[in-house]
Structure formats: C-alpha cells, structure tokens
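# Structure at a glance
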Amino acid sequence: MSFRARHLLGIDHLKPDEIVSLLDLSEDYVTLNRRTVKHSDALAGMTQINMFFENSTRTQASFELAGKRLGADVMNMAVAQSSVKKGETLIDTALTLNAMQPDLLVVRHPHSGAVNLLAEKVNCAVINAGDGRHEHPTQALLDALTIRRAKGRLQRLTIAICGDIAHSRVARSNLILLGKMENRIRLIGPATLMPAGVADMGVELFEDMREGLKGVDVVMMLRLQKERMDGGFIPSEREYFHRFGLDAEKLALAAPDAIVMHPGPMNRGVEIDGTIADDINRSVIQDQVEMGVAVRMAALDLLARNLRASRGRTAVGEP
Amino acid sequence: MAALTKAREGREMTEIGFLTDLGAVAFTDGVRVVRDTKLLGRCMTYARGLDALIVGHPQDPSLSHGAAATSGKFASLYGIPAVSPMAEVMGLDRDLALVAMTRGRYHADQITVAASLPALARARDAGLDVTAGISIHHLTLNEFDVGDYRTFFRFTPPLRSEDDRLSMVDAVAQGLIDTIASFHTPQDEESKRLPFEAAAPGAVGLQTLLPAALRLYHQGGLTLPQLFRAMALNPARRLDLSAGRLSDGAPADLVLFDPDAPFVLDRFALLSKSKNTPFDGARMQGRVLGTWVAGTPVFGDHA
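The paragraphs below set out a description of the structure included in this document.

Scoring rules and cut-offs
- Numbers given for residues are sequential positions, taken from 1 along each chain in its written order.
- Key to labels: chains lettered from A, ligands numbered from 1, both in the order written.
- In view of the model being predicted, local features appear only for residues whose pLDDT reaches at least 70, and side-chain atom pairs are presented and counted only at 80 or more, with totals across whole chains, interfaces and linings using the full set of residues.
- Note: side-chain values were computed over all heavy atoms of the structure, leaving out hydrogens and water.
- Contact criterion: two residues are considered in contact whenever any of their non-hydrogen atoms come within 4.5 Å of each other.
- Once two parts are joined, some of their accessible surface, as seen by a 1.4 Å probe, is lost; buried area is that loss totalled over both.
- Only one rule defines a salt bridge in this text: a Lys or Arg side-chain nitrogen within 4 Å of an Asp or Glu carboxyl oxygen.
- Each polar contact in these results corresponds to two N or O atoms within 3.5 Å; when the atoms are within protein, one needs to be able to donate a hydrogen and the other to accept it, and residues that are neighboring in sequence are counted only if both atoms are side-chain atoms.
- Each residue receives one of three labels: charged for Asp, Glu, Lys and Arg, nonpolar for Ala, Val, Leu, Ile, Met, Phe, Trp, Tyr, Cys and Pro, and polar for the others, Gly being one of them.
- We define a nonpolar core as any set of buried Ala, Val, Leu, Ile, Met, Phe, Trp, Tyr and Cys residues linked to one another through side-chain atoms lying within 4.5 Å.
- The cut-offs for exposure are 20% and 50% of the maximum accessible area for each residue type, with area from a 1.4 Å probe on protein chains only; residues under the lower value are buried, those over the upper are exposed, and the others partly exposed.
- Helix and strand definitions here come from DSSP, where helices need a minimum of 4 consecutive H or I residues and strands a minimum of 2 consecutive E residues; each element is numbered from the N-terminal end.
- For helices, the fitted line uses only the C-alpha atoms of the stretch in contact; every axis is such a line through C-alpha atoms, and the angle between N-to-C directions lies from 0 to 180 degrees.
- Here is the rule for angles: anything less than 35 degrees is roughly parallel, anything more than 145 is roughly antiparallel, 65 through 115 is roughly perpendicular, and the remaining ranges are oblique.
- Strand pairing is assigned whenever DSSP detects at least two bridges linking the two strands.
- Paired rings are identified among Phe, Tyr and Trp, the last through its six-membered ring, by centres lying within 6.5 Å, and are further divided according to the angle between planes into stacked (under 30 degrees), edge-to-face (over 60) and tilted (the rest).
- Each residue after the first adds 1.5 Å to the expected span of a helix.

It is common to give the size of an interface as the accessible area lost on bringing the parts into contact. With 17 residues of chain B in contact, the opposing surface of chain A contributes 20 residues. Both sides of the chain B and chain A interface together cover about 1600 Å² of buried area, and 62% of this is carbon and sulfur. Together, B:Tyr149, B:Arg193 and B:Pro195 form the three largest contributors to the area buried by chain B at its contact with chain A, with a combined 32%. The tally of links from chain B across to chain A stands at zero salt bridges. Counting across the chain B and chain A interface gives six residue pairs in polar contact (both at pLDDT 80 or more). Counted by class, the side of chain B that touches chain A contains nine nonpolar, four polar and four charged residues.

Moving on to the nonpolar core. Of all hydrophobic cores here, the largest spans 68 residues; its most connected members are B:Ile111 and B:Ile180. In terms of residue count, the dominant contributor to this core is helix α10 (residues 209-218) of chain B (six residues). Non-local contacts of B:Ile180, meaning those with residues more than four positions away in its chain, are made with B:Ile134, B:Ile136, B:Leu139, B:Val172, B:Leu209, B:Leu222, B:Leu227, B:Ala230 and B:Met231. Counting 67 residues, the second largest nonpolar core, distinct from the first, contains A:Leu8, A:Val30, A:Ala144 and A:Val295.

Once that is clear, we can look at the side chain of A:Arg148. All names here are of chain A. Mapping arginine 148 onto the fold places it in helix α5 (residues 137-151). Among the residues examined, arginine 148 registers a relative accessible area of 19% and is labelled buried. Here aspartate 24 takes part through its side chain, which lies 3.0 Å from a polar atom of the side chain of arginine 148.

Below, the discussion takes up the packing of helix α1 (residues 16-33) of chain A against α5(A). Residues and elements named next belong to chain A. Interaxial distance between α1 and α5 falls to 10 Å at its minimum, and their mutual angle equals 75 degrees. By the angle class used here, α1 and α5 are roughly perpendicular. On the side of α1, the interface is formed by Ile19, Val20, Leu22, Leu23, Asp24, Ser26, Glu27 and Val30, while α5 contributes Leu141, Ala144, Leu145, Arg148 and Arg149. For the contact of α1 with α5, a count of residues per class yields eight nonpolar, one polar and four charged.

A word on the sheet that holds strand β1 (residues 47-52) of chain A. All names here are of chain A. Across the sheet, four strands lie side by side as β2-β1-β3-β4; this open sheet has parallel pairing. Among the strands making up the open sheet, the edge pair consists of β2 (73-78) and β4 (125-131). Mean inter-strand twist for the sheet, computed between neighbouring axes without regard to direction, equals 15 degrees. As judged from the five bridges shared by strand β3 (residues 104-109) and β4, these two strands associate in the parallel manner.

All names here are of chain B. Looking at where methionine 44 falls in the secondary structure, it is placed in helix α2 (residues 37-49). The exposure class of methionine 44 is buried, given its relative accessible area of 1%. Separated by 64 residues in sequence, methionine 44 and alanine 108 have C-alpha atoms that sit 13 Å apart. In contact with methionine 44, not counting residues within four places along its chain, are Ile54, Asp95, Leu98, Val99, Thr102, Gly104 and Tyr106.

This paragraph deals with the packing of aromatic side chains. Counted under the stated rule, the structure contains four aromatic pairs over all chains. Geometrically, the ring pair formed by A:Tyr240 and A:Phe244 is tilted, given 5.7 Å between the ring centres and 40 degrees between the ring planes. One end of the pair, A:Tyr240, and the other, A:Phe244, are both in helix α8 (residues 237-244), four residues apart, so they sit about a helical turn from each other. Each member of the pair, A:Tyr240 as well as A:Phe244, is classed as buried. Aromatic side chains B:Phe74 and B:Phe144 sit 5.7 Å apart centroid to centroid with 85 degrees between the ring planes, which places their arrangement in the edge-to-face category. Of this pair, B:Phe74 sits in helix α4 (residues 73-78) while B:Phe144 sits in the loop between α7 (136-140) and α8 (162-174), and the two are 70 residues apart along the sequence. Under the relative-accessibility criterion, B:Phe74 is labelled buried at 11%.

This paragraph deals with the sheet that holds strand β9 (residues 254-264) of chain B. All names here are of chain B. Spatial strand order, β9-β10-β11: three strands in an open sheet with antiparallel pairing. Where the open sheet ends on each side, the last strands, each with one partner, are β9 and β11 (296-300). With strand direction ignored, the average angle separating the axes of adjacent strands in the sheet is 25 degrees. Bridge count between β9 and strand β10 (residues 283-293): eight bridges; the pairing is antiparallel. Its bridge partner lying in β10, phenylalanine 263 is registered against methionine 284. Each of β9 and β10 touches α10; the most contacted strand, β10, lies at about 125 degrees to it.

A few words on helix α5 (residues 86-102) of chain B. All names here are of chain B. The end-to-end C-alpha distance of α5, which contains 17 residues, comes to 24 Å, matching closely the 24 Å that a straight helix rising 1.5 Å per residue would cover. Buried within α5 we find Ala87, Glu88, Val89, Gly91, Leu92, Asp95, Leu96, Leu98, Val99 and Thr102. Just past α5, the residue arginine 103 takes up positive phi, approximately 60 degrees.

This paragraph deals with the environment of A:Ala119. Residue and element names in this part refer to chain A. As for its placement among the helices and strands, alanine 119 is situated in helix α4 (residues 114-119). Taking the relative accessible area as the measure of exposure, alanine 119 reaches 6% and is therefore buried. The spatial distance from the C-alpha of alanine 119 to the C-alpha of histidine 7 is 7.6 Å, given a sequence separation of 112 residues. Sequence-distant contacts of alanine 119, that is, excluding residues within four places in its chain, are made with His7, Leu9 and Val126.

Residue and element names in this part refer to chain A. Overall, the coordinates contain 26 salt bridges over all chains when judged by the stated rule. Residues arginine 148 and glutamate 27 are paired through a salt bridge, measuring 3.7 Å at the closest nitrogen-oxygen approach. Placement of arginine 148 in helix α5 and of glutamate 27 in helix α1 is noted, with a sequence separation of 121 residues between them. The partly exposed category is assigned to glutamate 27, whose relative accessible area is 23%.

In structure tokens, the structure reads:
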C-alpha cells in the first residue's frame, strides 16, 4: 500500500497512486459489505469518535457503520452549533477528546480549515468529514469509486459538475481528485454560484446547461445548499430548476451511457427531477451511498495501519 | 485620534469640537465603516470648520461583510469567505465624492489595491485635501502567506495579490500613498487559535515596523528617504505635529538603527504583551539601537 498519510484532511495532499490504493482496498470492502456477515477485525480494540459540529445524518451514519464493521468502538458526539458557540471551544474540545485516547477522529465543522487546526492538536488519526466550503475527501473518493465501477476507468472521462459550486466542498474535493486523475471537467451553474478564480483551475465553465452537458460521460449534480446562502443567489427555485435542474430533456444531450450522480440529500424538483434520480439505468445515486461505507472503511483501515506503524516505531521499550 | 461617531456605532457624531480642544488630531471609527453616507458627509462638513482630519476606512461594508480573504483562486480553493478588491474601490469612491461635496480633510487609512489608485490620483489632481496610507503588512506580505489557514495572517482588509502589493510599493515610492503605519492590533492567543474565518483579524506591528519596512529597502523597492517620508515626515505633517523632522524647536524624537543587522524574529521575544505577529521565525535585517523621545533616551544602550 502506498498510502502513507497520518490524517485524511483533503484530496489536495494525496498523490494519484495513493488515491488508487485507497480505491483498490475499498473494492475489497464492497465485497465484504455484500456478505451476510459483514465483519472484519481491522480496527479491533480501537476507538473511533465521530465529532460533528454540523448536523449530518447520512455521513455520520456511514462513518459509524464503517467503524463498527471494522470492529472499532465507535462513539458519536453531536456537537451542534447550539451547544458549542462556533469555533470558540474547538481546540479545548479536541484536547478533551484527545485525553480519552481515541485512535481515530472523524470531524465535520462549518469553518474551512477547522479540521486541519484540530488535527494539529491531537495524537490520533483525523478524517475530515467536511470542513466549511473547503474539502470533503471521502465524498470525492466514494464518487471516484462509483465512477470507476460504472465506467471501468477513472481517466479520460468528461465529467460535468452542476449547481452550487461556490458553496460546495464536495465540488472542490471532486475537482481536485478528478483533475489529478486526468479527466476533463466542466462546471455548470449560474455565475452567482461559481467561485472566484475558477477560470484558472483548468476547467471549462458553462452557464448554459444544455451546452455543458453535450457528450459528457458523468453528470454530477450538487445539492442547492440553501442553508449556506446569504440570500439572493438565484431568483427562485423554479427558475433554477428550469435552467439548471436535471431533467430527461437535458440529460438526453449527454453521452447515451452517461451516469447521474448526486451526493445527497436531494432536493427533488430543485436540482434534479425525481424520475431521473430513480432511473436505475442512469442514476448511480444509491451506489454512491453503498460505496461511501466501503471507502470510509478503507480510509479508516489505512489510517489505522499507519497509526500502528508509527506507534510501533516510537513505542520503544513497551512490552 | 478620537472616535468619529459615538461608540463607533455610526449613528451620531462625537463632540468633535471639545475633542479637538482636548488635543484630538484626527477622528475615525477605525475599521468600522460609517455606513450612513449622509452622516459621514455631515461629519466631514462639521469637521471642516474645525480643520479636523477625518480618517476613513474605504470599504463597501456589505460586500466585505464576513470576508476573511481576497477573492480569487487561493480563497476559492481554501474555501475562505472572500471579498473582491473592488469593495475597497467602491468605499474610496464614495468617500472621495463626499470630500468633493463637503471640502473636508480626509485620510484613507489603508489603500491596498491597484484599482484604488486612479481615483486617489484624480482626487489629488482635483485639489481635494486627501491623503492615503497603507499598513506595513500589506506592503510586505501577500494572500498566499496565509498558507494553511495561518490566523496571524488574517487582516482587515485581507492580504492582497502579489501584483497589488508591488503596485502599492510603487505608489509609496511615487508619493501617491503618503504614509506607512504599523496598524498595531494586539490580539490574545485565544482569539487566534480558531478556524481562520472565525479568528480575530490584525497583528502587532510596532516593534516589527522598521525591520519589515527595511525589507522594502533591501529589496530595492523603496529608498531610505522614501521610507522616512512615509513613516515619519508625512504622518507628522498630516496630523499637524511638530515631530517627524529635525528643525529648530522641534522635539528631538529620534531613532538610531543599523539597517543591515540581521536577526531571526522570535515572537515570544516581542515586548508587546500580545505575540500575534506574522513575522514569527522570519529572517529580518535592520535593528533599532536606540530611541529618544524629546531628547530623552527611552530605549537602547543610552537609555
């Protein structure tokens, strides 16, 4: 295995061969997860704490299941905004948890860079489960695994990422990962939802969704993150759906075998038509959820291996 | 300097007359922009009668609300809420239009982007009583220095592109920007031990002002006389202080320094109680050997 990192904070720090080895190990866990007895001892005896400073059901459940299937003792801490005033006690919370000797810490936080900050203060391995509008590495990895399984490869594909790019950490991590693997990336959305400087990132920009979808192999839809908006980015949901919602007519412009992805949870009728989302011939949205557990198992497993290796090197004199 | 509006809330002007009598030389709400244009205009008009200087923070407050970086590729990749450099231009345009309207005396506290310079030059050419300053940090650092969310590099306004930084050095050399200031902003450790966008902005700058400014001299951007004008003569003149020059009757406020002496800055060695400097660990050249205030040595071997 070539994956050597201590933490998984973002895709930006990963090399292509590290990504490939993570995905390869994930495949083993896909197989395991389809058995009746879905259990491995990769994390036996280890403690995993899921610390979510931002509400999440799906990602937290996915990490919890991943840890439990690997035999870890998993604890969920809901540190929602109401109880912890923004980042104020972030480091204190981290130090408190650190004193409980966890081995793996899964963290989601509403501020960009918060997970990096926390990782500097603890002795365990940290996985970024989403920080502000910065990165969400396991989402990009599960998307990559889904694409690789559906398309048979993860290179030389034309991939459209559509919607609220500006507020999306999913888009950022995917942009970095898919770029590293040498794919052509198109970003589609209204200019108000495009981040500044995006034209310098080696991508093609489209404000006309029909134009942008022509011939693409993968259509990756993003959730319209209403809760993140200051207000006034788009005139109305119905105009948004008309221009940027994925429906059968727009999808017909993509390659005939194009797949449709969405990180969930979906706003049906806002960014995606319900019938497209449910079309088992096109939509791989449920596969993404399945791959999510496998990818998180692989990430936890690899970080635990690296953690054991580093402790083995430093724990001189222990029995 | 005194507050321009009561409690710096931007609602009512302070007692500019009384404060001037008590020795206030300028009026400002700091980095809080007076949003109410009519009120700022009245402040300028009222202050004009007293020859009082108003120091503004040129920035469009709604555009820059919540921003912790300058918009661009770096801020987008790091996911930091950002503001366009144009917010400064808009703020400056508004303030300069008010100066034209009221004929007040005005100083823009920090001009940090090249796009602001044409408006500033036009105001000067039109004979308006306008000066402008910049912080030493915006002259010596750029947006990439933030790196991996280093909160000691969070400023208001945020650090700019390298192109803008170079334009600002040039503007100081040409005299379009009159003053360089430390913008000394102490923050406790806890206020900086937060995620970048939640951390308090600003840095301590008094003790590093001269060595940081000498970077510009050693790099060839500014000469020593240019630095002297921007850091001593111009600020004193603008505030009607007799300091900042050597002349009969002027106070002997002096500094003796070795422009070449090298050292590595250790933030914990700073005399300020707060240690939030962006220059921690930086190699610097230029050391203050002694300081005199009105002829009395207060720092160095002679003190």
